[in-house]
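Here is what each chain is made of, one letter per residue.
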Amino acid sequence: MNMKKIMSLVAASAFAVFALAGCGGDNGAGKAEAPKVLKVGSSIDFPPFEFQDEGQKEYQGFDMDLIRAIAKEMGRDVEIQNLGFDGLIPALQGKSIDLAISGMTINDERKANVRFSEPYYQSGLTMVVREDETAITRFADLKGKKVAVQIGTTSAAEVKKIDGVEITELNTPADCFMELKARGVDAVVNDRPVNDYFITKNAAKGVKTLEEKLTAEDYGIAINKDNEKLQNDVNAALKKLKENGEYDKIYAKWFGAKK
Ligand code: ARG
C-alpha cells in the first residue's frame, strides 16, 4: 500500500467515526432520538413531596427534586404540569404527559393502566383527628363517622372498605384538613408523611395524627403502558442515584437522615 492510499484510508475511517458520533447520541444507530423535554405530571398539593410556596415560582418537594435528578441523569429537561391527582392516569393514557410523579402508590388496579418504576419511597396511610377527639383512637372507631379523603387516592379506596363510614371526597389534602377543622368531618385519612408534615411544618393547631397505620404502600413513578423504554431509563437513573448517594441527599433534605 502506498502512502497516498494509507492517508485516504485514515481520512475515510476518521470521517466514518465522526459521522457516527454525530448522529447516535446514546440511542445507538438507527433509533430516533428521544425528545429533549420530559413532560411530567404531578398534583402539586402534597407537601413535602410536591408543593408550591406562596410567591415561589418553582414547584418543590422530594418528588420534584427526585424527578429533576432522574431527568438530568437521562440528559433530559423537565417540564412539570400541575394536574388534579385523579387526572394523572388519564393524562398518561392520553399521552399529554410522559410520566407522573405524585406520591403515587403502586397497586394492581393502577398497574392495569400504567407502568410503574421501581418503588422509590415507603409510605402508608394514617389518620388525623381534632385534638379534642376522644371517640376516635383507631380505624375501627370510624364506623358511623364522617371522613374526608382526597379524590382518586388509595385513602379513598381504603376508607370505602370500612363499613358504615360517610366519605367526603375532596380535591386536595389541604381541603380535607380545612373540612376537619371546620367540623364538617370527624377525621382525615391520608398518607402518613404528608399528615406528619402538615402537623409539624404547617403548625396545624387543634389537630393530631394517630399512630395506627392502615396500610403500608410504596410510591412509584407512573409511565404510559406502551413506553417500556422510558420505564427502563427511569429505573436505570433511579438505580444510579441510589448508588451514587444523590437519592440519600434528596431524602435527607426532606425527611432527615435515614433511620
Ligand atoms: N399515595 C396515595 C395514592 O397513591 C395518595 C397520593 C396523592 N398524591 C398527591 N400528589 N396528592 O393514592
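Residues numbered from 1 in each chain as written. Predicted model: local features only at pLDDT ≥ 70, side-chain atom pairs only at ≥ 80, totals over all residues. Heavy atoms only, no water.

1. Remarks on the site of the ligand
- The immediate surroundings of the ligand are formed by 15 residues, with Asp45, Gly103, Arg110, Thr154 and Asp191 found nearest.
- In this structure, Gly103 approaches the ligand through a main-chain N or O atom, which is 2.7 Å from a nitrogen atom.
- Gln150 is positioned with one of its side-chain polar atoms (N or O) 2.8 Å from a nitrogen atom of the ligand.
- Across the complex, the protein chains shield 100% of the 350 Å² of accessible surface that the ligand would expose by itself.
- Among the residues forming the shell around the ligand, the class breakdown is 4 nonpolar, 7 polar and 4 charged. (Near = heavy atom within 4 Å. Polar contact = N/O pair within 3.5 Å; in protein donor to acceptor, adjacent residues only side chain to side chain. Areas by Shrake-Rupley, 256 points an atom, 1.4 Å probe, with all protein chains shown as cover. Nonpolar A, V, L, I, M, F, W, Y, C, P; charged D, E, K, R; others polar.)

2. As for the nonpolar core
- One finds Phe62, Leu66, Ile70, Leu99, Tyr120 and Ile221 to be the most contacted residues of the largest nonpolar core, which totals 34 residues.
- Those elements giving two or more residues to this core turn out to be β1 (37-42), α2 (62-73), α7 (192-201), α8 (228-243) and α9 (246-255).
- The leading source of residues in this core is α2, at 7 residues.
- Not counting the four nearest positions on each side in its chain, Ile221 is found in contact with Ile67, Ile70, Leu99, Ala100, Ile101, Arg115, Phe116, Ser117, Tyr120 and Val234.
- Membership of the second largest hydrophobic core comes to 14 residues, among which are Met127, Val129, Phe139 and Val189. (Core = buried A, V, L, I, M, F, W, Y, C linked by side-chain atoms within 4.5 Å. Buried < 20%, exposed > 50% of the residue type's maximum accessible area, 1.4 Å probe, protein only. Helix = DSSP H or I, 4+ residues; strand = E, 2+ residues; numbered from the N terminus. Contact = heavy atoms within 4.5 Å.)

3. Details of helix α6 (residues 173-181)
- Regarding α6, the residues found buried are Pro173, Cys176, Phe177 and Leu180. Seen end-on, α6 carries its buried residues on one side only, within an arc spanning 95°.
- Looking at the buried residues of α6, the elements they touch are β5 (121-130), β6 (146-150), β7 (166-170), β8 (187-191), α7 and β9 (207-209). (Arc of directions from axis to C-beta.)

4. Re the packing of aromatic side chains
- Summed over all chains, the structure comprises 19 aromatic pairs.
- Taken together, a centroid distance of 5.9 Å and an interplanar angle of 35° make the contact between Phe46 and Phe49 tilted. Each of the two residues, Phe46 as well as Phe49, counts as buried.
- Consider the rings of Phe177 and Phe198, whose centres lie 3.6 Å apart with planes at 10°: the pair is stacked. Placement of Phe177 in helix α6 and of Phe198 in helix α7 is noted, with a sequence separation of 21 residues between them.
- For Phe177, a relative accessible area of 3% gives the class buried. (Phe/Tyr/Trp six-rings, centres within 6.5 Å; stacked < 30°, edge-to-face > 60°.)

The quantities given are spatial measurements derived from coordinates; they are silent on function.
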